[in-house]
Structures are given as C-alpha cells and as structure tokens.
Amino acid sequence: MASNANTAAMLDAELLVATANTSGQLTFRNPAWKTFFGTASNPWTRLTERDASELMGLLRQASAGLLTSNYVLPVAQPNRDQPLYVLLHLLPVQLHQDVVAVTITGEVLAEPASWTTNQTHRHRMETLGSMTMGIAHDFNNLLSGILGYTELLQTYDEFQDGDPSDHLATIERAALDGAALVQRIQKYIRQEKLSHFEPIDLTTILNDSVSLTRPYWYNEPRRKGIRIHIEQSFRHVPPIMGSAPELREVFINFILNAVQAMPEGGTIAIRCDYRADVGVEVTVSDTGVGMTDSVKERIFEPLFTTKGEKGTGMGLAVSYGIIQEHDGQITVDSTPGRGTRFHLIFPPSETPLIALNVDAAADRAQVYEILVVDDEKMVRAVLAKLLGLRGHTVTQAASGSDALDLLASHTYDLVFTDHAMPEMSGTELASEIRIHYPHLPIVLLTGDTEVPNAHRVVDAHLSKPFKLERLETVIQELKSP
C-alpha cells in the first residue's frame, strides 16, 4: 500500500479541469488533472479499457449536447495498490445552439488511510450510491431553470413575458443554489457539517420556488395548450432556522412532481400559515392523478419511482432528509384521481430575521486600492468590475510572481488572491506577502470548502461563487479601525 503521506497529498488535490473538442480530444488540462490522470499523450492510460471506452462514450454524448453529472470511476495511481475514485461532470459548451467544446471537471474522492479495503468499498457504495442520484436530479432542475429563463430573456422582445430583471434575478437564485449544492457535495465528502442554518422567511422561499419553476408550470404547458394555475396564500409567519437553498430544493421538488401529476392541467395550491400550538405550516397540493396507498407508503424511499426511466427515485427521498434536518414533520394525503397534498410543519425560530440595509451600508463604506490575483482572466476581470462598482480602485495580476512585483512598486490596501494557481498557489503567495508586508489584509478565494492551514497566513477565506455584498462586507470588516 502507498504511504499515508501519499494518501494525504491526494486528499488535498485541487479541482480537476479539462476541455475537450467535439472529437473527444483533450485540448486543455490543468495541473491537478495532469497530476491525477498523468501527462501521457493518451490521457486515459490510468483507466481500465472498459472505463476509458465508457468515458469516451460520455464525451460523444456531451458533444451532442447531453450533460453528464456525478460520474464516478476509479483511476490507477503510481505507487498505490488501490485506485482512487474521481467524481466527474461533463458539460457541453454551446455557441449559437451548437456544441463547440466540452468542459470536464472532477474532484478526487479519497478516504482515510486507516480504513480497510472492505470498509472503504462499503462506505463508497453507500454514500455515493444515494448521493449521486439525488445530486444529478437537483442539478438538472437548477440547470433547466437557468436555461429556461435565459431563453425567455432571448425572446423577451417578441413575447414580452414579464420584466427581464425578474428573469435575471431568478437565474441568479438558481446559480447560487447550484453553488450551495456543490458546497454540500464537498462538505459531505469531507464529513463536515452539512448546512449552515440561519433565520429565514418561509414565504420568501416559497415565492422563490414558484418563480424558479415557472418554465415548468406556465411556459411549457402553455406551448402544449395546457393550463396549470398556481394559487398562493401566505400569511405572516415567524422565521424558522434553516438553509434557504435546501428548502427551495424541497419545494421545487413538490411543485415539479405536482406538474408531472397533472398531464391535462390543473391547480397547484401553496399555503403558509402559523399556529402557536403547532408551528409554521406549509401545504402544497395538486388536482392531479393522486396515488394509491401502496405507492404513498413508499414515496420517500430512495430509488423508488413511478416514472420509469424518467425518474431517479431520489427527489422526495432527499426532500424528506432535508425536512428532518430542519426538525420538521411531513405528512401526505392522496387519493387516486383526486390529487395529492403535502403538509409540513416547522418549529419557529427564537432568533429574529436580520434586515440588512445594503444601500445605507454602501453609503458609509470607505473605498480602497485593491490588488486582485487570479490566473483566470475572466474571473479576475469580473471581480475587478464588481469591486469597481463600489468605487474601489483595482489592479489585476495574473500570477503570484506578478503580484509580488506590483507590491514591490506600489502600496495596496488589500489583496484578493485565488488559491488554485499554477507555479505559486494563493496560500504560497500569502506566505510571501506576510514576510514582507505583515499588516496587509489578504482574502483567499477558493472553489473548495477547505484549504489546510490557510488561516495562518490569510485574514479571510471566501468560497466561490460570491456576491458583491459579501465582498464589500469582508473589505469593510478587515479595514475597520
């Protein structure tokens, strides 16, 4: 077996990234990819013949426009008896409706070195077997919402379907929920706490869920001559402690299931109320086909589905787990031919909602000279534009060495640096800065949930993606007297 040091090195691997052309040939591989898959001209030499053939098949499907997420396969490693597993996502890149390339991202799934082979195999099958099915289901929901609203924006002048700013806000929420889902995957793999709970307003979550699913219950049925109506009745309710992305995931699942249960159209009723002796109540009901008692008893079982190959059997199973995480209760009433009703109860929070007046905070904020370091031109350009909106002066550096040269000739108030950069990582750059400029605040930006020992050399750590308000809050906190 390989040494513990080798195993630990694999645990700290960065995100694997590669780009393939439509013929399946890799045109780009980042350093982490080359370390894990090797640098041979044949990029699949560390795979079995069967796995390599299957992966090439998925690349062909992606070139035809089909997304593949959460594909797990073993990859042999030098100086290690057992292969390591990698979780891959293959995303078609489209231009004018034609696929021009395929982006492949991956994360190494490594286990504690002290586990036996049997323990490792059993744990991998148990966790990944249930996890990947649900994650793919949720990602497809989010991506469909983003693509649907993008299409609405592209045809806005023709159809005048709502305010375009509403579509942009919905796309933003879906993207942020996707980011939260990625973080949940990463935290799950690392056995970290799954969710950060805070006081949230359930009526806001319900409104968001209705908005995110509009392409499913309004636009698509309308094109087919079907009418689905949503009735909303929300009373003022106290906040509950929870995770907004996770609860949106639950209610999006309920709405999509209701749509699928009404192939001829119908009504979805969503209600939210509060009773002091019960708690915060939410009901989601439909006038669809309903369920038999035998189906109703199994709907929360993982992998159970009545949709054949179109279903994963994980949507309601994942939703049930999220409701339990929130100390909630759920009951289901359903009758064949008369629809289905989900009834949820959540305990109210003793912590009130915190209202943040962003505009007022911006008025009080100071502006600074900031150095942004990232090897990805698009990422650093976007970050510079965002910071520029708040009046900050931003200088961009494409590498750690460029950043050190700029620091030697100019004084900056803060440094934002990406972590995963070739030649010199963000933490290595931060260590150099600490030696020469010990009081200069440094913010580390990562696409991961954990960077070992980063807290020793940086003042703050932000996970991508992030919003402007979060960036501004960190800046003002670090520069406050």
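Residues numbered from 1 in each chain as written. Predicted model: local features only at pLDDT ≥ 70, side-chain atom pairs only at ≥ 80, totals over all residues. Heavy atoms only, no water.

Colleague: So, the pattern of salt bridges: which residues are in play, and what are the values?
Modeller: As enumerated under the stated definition, the model contains 7 salt bridges in all. Of the charged contacts in the structure, one is a salt bridge between D293 and K296, with a shortest N-O distance of 3.9 Å. With a gap of 3 residues between them, D293 and K296 both fall in helix α10 (residues 293-296), about one helical turn apart. A relative accessible area of 24% places K296 in the partly exposed class. (Salt bridge = Lys/Arg side-chain N within 4 Å of Asp/Glu carboxyl O. Helix = DSSP H or I, 4+ residues; strand = E, 2+ residues; numbered from the N terminus. Buried < 20%, exposed > 50% of the residue type's maximum accessible area, 1.4 Å probe, protein only.)

Colleague: Could you give an account of the pairing of strand β11 (residues 329-335), naming the residues involved and the relevant values?
Modeller: Residues I330, V332 and S334 point to one face of β11 and are all buried, whereas Q329, T331, D333 and T335, pointing to the other face, are not buried. The pairing of β11 with strand β12 (residues 339-346) spans 7 bridges and is antiparallel. Bridge pairing links I330 to L344 in β12. Between β11 and the antiparallel strand that follows it, β12, lie 3 residues; G337 among them carries a positive phi value of about 85°. (Pairing = 2+ DSSP bridges.)

Colleague: Kindly report on the nonpolar core, identifying the contributing residues and their values.
Modeller: Counting 36 residues, the largest nonpolar core has L202, L247, F251, F254, I268 and L344 as the members making the most contacts within it. Of all the secondary structure elements, the ones that give two or more residues to this core are α7 (202-212), β7 (228-234), α9 (244-260), β9 (266-275), β10 (279-286), α11 (315-325), β11 and β12. The greatest single-element share of this core, amounting to 8 residues, is contributed by α9. Ignoring sequence-local partners within four residues, the contact set of F254 consists of V284, L316, I323, I330, F342 and L344. Grouped together as the second largest cluster of nonpolar side chains are 24 residues, F36, W44, L55 and V75 included. (Core = buried A, V, L, I, M, F, W, Y, C linked by side-chain atoms within 4.5 Å. Contact = heavy atoms within 4.5 Å.)

Colleague: Which residues make up the packing of helix α13 (residues 377-389) against helix α16 (residues 468-479), and what values go with them?
Modeller: Two packed helices can be described by the angle between their axes and the distance between those axes. Put simply, α13 and α16 touch, their axes get as near as 10 Å, and they point 70° apart. Accordingly, the angle class assigned to the pair α13 and α16 is roughly perpendicular. Note on packing geometry: the crossing formed by α13 with α16 is right-handed. From α13, L383, L386, L387 and L389 reach across to α16, where they touch L468, L471 and I475. Here the residues of the contact of α13 with α16 are counted per class, giving 7 nonpolar, no polar and no charged. (Axes fitted to C-alpha atoms, helices over the stretch in contact; angles between N-to-C directions. Parallel < 35°, antiparallel > 145°, perpendicular 65-115°, else oblique. Left-handed = near helix turned anticlockwise from the far one by under 90°. Nonpolar A, V, L, I, M, F, W, Y, C, P; charged D, E, K, R; others polar.)

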